[in-house]
Amino acid sequence: MTNASPRPPWWLKPMNKVLMAVTRVGIPIFGDEGPVILTVPGRTSGKPRSTPITPMTVDGHRYVVSGFPGSDWERYARAADTATLRTRRRSETVRMVELDAAQARPLLRRFPELVPSGVEFMTRSGLVTEGTPDEFEALAGRCAVFRFDPV
């Protein structure tokens, strides 16, 4: 049974800071499909807010799945016109387009094969129990899925 209201583990914020520092200096983590730094303006302050994410590529388009329903970066992304992705020493401005549940289902189904590091994370958080494609597909409408479009 999955957790109805998953909460981020205590170690997530310190680990995110480490991942961002390592990514900024250009050290590859998890190969080429490792984390990138997503920066979006805060909803009220407008100050840049950054977090590491692990995008996936399907049919030439890049997507990201929110690991926690209602996460801060997810809310910031919904409010922002554009976001910045930083990979090693390269930055790119993108528009984040949230997909509806029907569009998200096939992408969530592929998540376990394309982002294996995310499967363990989402299992530990209680969103899924075994990390099967069926479990991830069932998260459609609960976990946000965004497509990155070039600006």
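To start, this report covers the structure provided alongside it. Given the structure is predicted, the values throughout are model-derived calculations rather than measurements.

Some thoughts on the pattern of salt bridges
If charged atoms from side chains of opposite charge come close, those side chains can pair.
Now for step 1: Under the defined criterion, the tally for this structure stands at nine salt bridges.
Now for step 2: One salt bridge in this structure joins Arg 62 and Glu 92, with 2.8 Å as the shortest N-O distance. Residue Arg 62 is located in strand 4 (residues 61-65), and its partner Glu 92 is located in strand 6 (residues 90-98); the two are separated by 30 residues in the primary sequence.
Now for step 3: Arg 62 gets classed as partly exposed once you look at its relative accessible area, which sits at 26%.
Now for step 4: Residue Glu 92 is classed as partly exposed on the basis of its relative accessible area of 24%.
Now for step 5: Here Glu 98 ties to Arg 78 by a salt bridge, and the two come within 2.7 Å at their closest N and O atoms. On the criterion of sequence distance, the pair formed by Glu 98 in strand 6 and Arg 78 in helix 2 (residues 72-79) is long-range, its members being 20 residues apart.
Now for step 6: Overall, Arg 78 belongs to the partly exposed group, its relative accessible area being 42%.
Now for step 7: Salt bridges here are not isolated pairs; linked through shared partners, they connect Glu 74, Arg 78 and Glu 98.

A closer look at the pairing of strand 6
Now for step 1: As paired elements, strand 5 (residues 83-87) and strand 6 share five bridges and run antiparallel to each other. Counted as the bridge partner of Arg 86 is Ser 91 from strand 6.
Now for step 2: Two successive antiparallel strands, strand 5 and strand 6, enclose a turn made up of two residues, where Arg 88 displays a positive phi of approximately 50°.
Now for step 3: Examined bridge by bridge, strand 6 and strand 7 (residues 145-150) share five bridges and lie antiparallel to one another. Directly across from Met 96, in strand 7, lies its bridge partner Phe 148.

Parameters at a glance
Residues numbered from 1 in each chain as written. Predicted model: local features only at pLDDT ≥ 70, side-chain atom pairs only at ≥ 80, totals over all residues. Heavy atoms only, no water. Salt bridge = Lys/Arg side-chain N within 4 Å of Asp/Glu carboxyl O. Helix = DSSP H or I, 4+ residues; strand = E, 2+ residues; numbered from the N terminus. Buried < 20%, exposed > 50% of the residue type's maximum accessible area, 1.4 Å probe, protein only. Pairing = 2+ DSSP bridges.

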